[in-house]
Amino acid sequence: MSATVSRECAVEPWPEGVFARHLTWAGAHLGDHSLTVDISEDDLRRAVCRGCGDSHNQYEKPSVSEWAMSHAAACRALPRPGVA
Ligand SMILES: [Zn+2]
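Along each chain, residues carry numbers from 1 onward, in the same order as the chain's sequence is written. Per-residue local features of the predicted model are confined to residues with pLDDT of at least 70, and side-chain atom pairs are confined, for both listing and counting, to 80 or more; whole-chain, interface and lining totals are unaffected and use all residues. In computing side-chain properties, one takes all heavy atoms of the structure into account and sets aside hydrogens as well as water.

A. Layout of the pairing of strand β2 (residues 36-41). Each residue is assigned to one of three classes by its accessible area relative to the maximum for its type, calculated with a 1.4 Å probe on protein chains only: buried under 20%, partly exposed between the two thresholds, exposed over 50%. Segments assigned H or I by DSSP are reported as helices when at least four residues long, segments assigned E as strands when at least two residues long, and all are numbered from the N terminus. Summarising burial for β2: five of the six residues are buried, a large majority. As paired strands, strand β1 (residues 18-23) and β2 are joined by five bridges and run antiparallel to one another. Counterpart to L23 in the pairing with β2 is T36. A pair of strands is labelled paired if DSSP reports no fewer than 2 bridges between them. Alignment of β2 against strand β3 (residues 45-49), held across five bridges, turns out to be antiparallel. Paired with E41 across the strands is R45, a residue of β3. What sits between the antiparallel neighbours β2 and β3 is a turn of three residues.

This is the structure:
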């Protein structure tokens, strides 16, 4: 079972510019691999939660990586159905 979950996670498409992804608490418990905090960098390094929509950028404290890890570990939000 866990091998199947890992393959599904590996094939979840990553948007352009995303270089790190953390599965949220809700995503892990529901088996929904679309519930992630994505870290991307173009002109600005930022993390965006695809569960609750909260975000964090490089000018805020803590660092983007630290925020992404701690937010993903705690976020229990589910996106409203039908809203991308
Ligand atoms: Zn969140």
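The discussion continues.
B. Expanded view of the coordination of the zinc ion. Coordination of the zinc ion by the protein involves C49 (SG), C52 (SG), H71 (NE2) and C75 (SG), with metal-donor separations of 2.1 to 2.4 Å. Listed donor atoms are N, O and S within 2.8 Å of the metal (Na, K and Ca: 3.2 Å). As water is not included, a site may look incomplete. In these descriptions, tetrahedral denotes four donors with every angle between 85 and 135 degrees, square planar four donors and octahedral six donors with opposite donors over 155 degrees apart and the rest between 65 and 115, and irregular any other case. Its four donor atoms give the zinc ion angles of 100 to 120 degrees at the centre, a pattern that matches the tetrahedral case. For the zinc ion, all donor residues lie on one chain, and their spacing in sequence is C-x2-C-x18-H-x3-C. For the residue pair H71 and C75, the accessibility class agrees, reading buried in each case.

C. Just the packing of aromatic side chains, in detail. Put simply, two rings from Phe, Tyr or Trp (the six-membered ring, in Trp's case) pair if the centres are within 6.5 Å, and we call them stacked under 30 degrees between planes, edge-to-face over 60, tilted for the rest. All chains considered together, the criterion is met by zero aromatic pairs. Either the NZ atom of lysine or the CZ atom of arginine qualifies as a charge over a ring when it sits within 6 Å of the ring centre and within 35 degrees of the ring normal. Lying over the aromatic face of W25, R76 brings its terminal NZ or CZ to 3.8 Å of the ring centre.

D. Representation of the pattern of salt bridges within the structure. Should a side-chain nitrogen of Lys or Arg be within 4 Å of a carboxyl oxygen of Asp or Glu, the pair is scored as a salt bridge. Enumeration according to the criterion identifies five salt bridges in this entry. For D42, the salt bridge identified is with R46, shortest N-O distance 3.9 Å. Judged by relative accessible area, D42 falls into the exposed class, the value being 55%. Shared partners join several salt bridges into a network, and the residues in it are R21, D38 and R50.

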